[in-house]
Amino acid sequence: MTDDDEAWIDVSVTVRHGMPHWPDNPPIVMQRAMELARGHACNLSHLAMGVHTGTHMDAPVHFIHQAAGVDQMPLTATMGPARVIEITDPREITADELREHRLQAGERVLFRTSNSPRCWQADRFVEDFVYISEPAAEYLAETRVRTVGVDYLSVGGYHADGAKIHRILLTAGIWIIEGLDLSAVRAGRYDMICLPVKLHGSDGAPARAVLRPIA
Ligand SMILES: [Zn+2]
């Protein structure tokens, strides 16, 4: 491993058979369709899952009729400087807390909440994860940040109006990363690379996300 390899921190979740997913989304099935141990020429896996599995991105068409698919995302939405912001509220991401961080137009912001060390350890879907409140979503839209990343499966809460939060952000042209695991990073500035799989016209796509601290 080179020094460069050590500098990059993987903030994506490993996709695995039977992993937790949003309750009404399809289950994650990953199985060997061919296997050396069974006399086949190679190991070859079959994968079936929703596109909003693990670390993934949402495209505008997820909640807006005939809007852009994930394959139309500009690469600059998720490649470049990003800021990890530590959220202290244990229940939701509030507009008041975000205002303290003086977000700027065009910023890529990732919210590290108590979800990161808590939710990904669970072997079932966690309902009471920390999510973006409606006033906070409005604030992000007004500020015109470029990209927002959250550390569990939705920007909106399970018991709140998640559709509304998605619509506020996506209508404002904000690109959404969901399902990050930010437990290995602290608040601060990073270079980010997060690339969703190029799925034609898709409302979402699994992604690999990595961060490198900016010295
Ligand atoms: Zn999603």
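The preceding data block contains the structure.
Quick caveat, the model's predicted, so the values are computed rather than measured. (Residues numbered from 1 in each chain as written. Predicted model: local features only at pLDDT ≥ 70, side-chain atom pairs only at ≥ 80, totals over all residues. Heavy atoms only, no water.)

Peer 1: Please clarify how the state of the cysteines should be interpreted in this entry.
Peer 2: Each disulfide consists of a covalent bond between the sulfur atoms of two cysteine residues. All chains considered together, the criterion is met by zero disulfides. Among the cysteines around Cys-119, which has no disulfide bond, Cys-194 carries the closest sulfur, lying 19 Å off. With relative accessibility at 1%, the residue Cys-119 sits in the buried group. (Disulfide = S-S within 2.5 Å. Buried < 20%, exposed > 50% of the residue type's maximum accessible area, 1.4 Å probe, protein only.)

Peer 1: Would you mind showing me how to read the pattern of salt bridges here?
Peer 2: For side chains of opposite charge, pairing can occur when their charged atoms come near one another. Counted by the stated rule, this structure contains eleven salt bridges. For Glu-35, the salt bridge goes to Arg-38, with nearest N and O atoms at 3.0 Å. With a relative accessible area of 22%, Glu-35 lands in the partly exposed category. When the shortest N-O distance is used, the salt bridge between Arg-212 and Asp-191 registers 3.5 Å. With Arg-212 in strand 12 (residues 204–213) and Asp-191 in strand 11 (residues 188–196), the pair connects residues that are 21 residues apart, well separated along the chain. Given the relative accessible area of 23%, Asp-191 is considered partly exposed. By sharing partners, the salt bridges in this structure join Arg-32, Glu-35 and Arg-38 into a single network. (Salt bridge = Lys/Arg side-chain N within 4 Å of Asp/Glu carboxyl O. Helix = DSSP H or I, 4+ residues; strand = E, 2+ residues; numbered from the N terminus.)

Peer 1: Just checking my understanding: could you explain the coordination of the zinc ion for this structure?
Peer 2: Ideal geometry at a metal centre: 109.5 degrees between donors when four sit tetrahedrally, and 90 or 180 degrees when six sit octahedrally. Only His-52 (ND1), His-56 (NE2), Asp-58 (OD) and Glu-178 (OE) from the protein reach the zinc ion as donors, at distances of 2.0 to 2.3 Å. Mapped onto the polypeptide sequence, the residues donating to the zinc ion form the spacing pattern H-x3-H-x1-D-x119-E. On the criterion of sequence distance, the pair formed by Asp-58 in strand 4 (residues 56–58) and Glu-178 in strand 10 (residues 175–178) is long-range, its members being 120 residues apart. Side by side, Asp-58 and Glu-178 carry an identical accessibility label, which is buried. (Donors = N, O, S within 2.8 Å, 3.2 Å for Na, K, Ca; no water.)

Peer 1: What should I look at first to understand the packing of aromatic side chains in this one?
Peer 2: Aromatic ring pairs are defined here through the distance separating the ring centres and the angle between the ring planes. Using the criterion set out here, one finds eight aromatic pairs in the structure. With 6.4 Å between their ring centres and 70° between their planes, Phe-125 and Phe-129 make a pair best called edge-to-face. Since its relative accessible area comes to 1%, Phe-129 is described here as buried. Through a chain of ring-to-ring contacts, the aromatic side chains of Trp-22, Trp-120, Phe-125, Phe-129, Tyr-152 and Tyr-158 assemble into a single cluster. (Phe/Tyr/Trp six-rings, centres within 6.5 Å; stacked < 30°, edge-to-face > 60°.)

Peer 1: Sorry, what's going on with the nonpolar core here?
Peer 2: Nonpolar side chains tend toward joint burial in soluble globular proteins. In terms of nonpolar packing, the biggest core is built from 26 residues, with Leu-98, Phe-111, Ile-132, Leu-140, Val-148 and Leu-169 touching the most fellow members. Sorting the residues of this core by element identifies helix 2 (95–99), strand 7 (108–112), helix 4 (134–143) and helix 5 (162–171) as the ones contributing at least two each. Once you skip the residues sitting within four places of it in the chain, Val-148 turns out to touch Val-109, Phe-111, Ile-132, Leu-140, Ile-174, Trp-175, Ile-176 and Ile-177. With 21 residues, the next largest nonpolar core counts Met-73, Val-84, Leu-180 and Tyr-190 among its residues. (Core = buried A, V, L, I, M, F, W, Y, C linked by side-chain atoms within 4.5 Å. Contact = heavy atoms within 4.5 Å.)

Peer 1: Help me understand the environment of Met-19 in this model?
Peer 2: Note on placement: Met-19 falls in the loop between strand 1 (9–10) and strand 2 (29–34). Note: C-alpha distance between Met-19 and Trp-120 (101 residues apart in sequence) is 9.8 Å. For Met-19, the contacting residues outside a window of four places in its chain are Val-13, Thr-14, Ile-28, Thr-53 and Gly-54.

Peer 1: Hey, could you run me through helix 5 in this one?
Peer 2: Think of an α-helix as turning once every 3.6 residues; residues three or four places apart then point the same way. Those residues of helix 5 that fall on the buried side of the exposure criterion are Gly-162, Ile-165, His-166, Ile-168, Leu-169 and Leu-170. Residues of helix 5 that are buried in the fold lie against strand 4, strand 8 (131–132), helix 4 and strand 10. One or two steps after helix 5, the chain reaches Gly-173, where phi turns positive at roughly 80°.

Peer 1: Help me understand the pairing of strand 11 in this model?
Peer 2: Regular strands place side chains that alternate from one sheet face to the opposite one. When strand 5 (residues 79–86) meets strand 11, the two strands line up antiparallel, connected through six bridges. Pairing of Pro-81 across the sheet is with Asp-191, part of strand 11. Two elements, strand 11 and strand 12, share seven bridges in a ladder whose sense is antiparallel. Residue pairing in the sheet places Tyr-190 in a bridge with Pro-213 of strand 12. (Pairing = 2+ DSSP bridges.)

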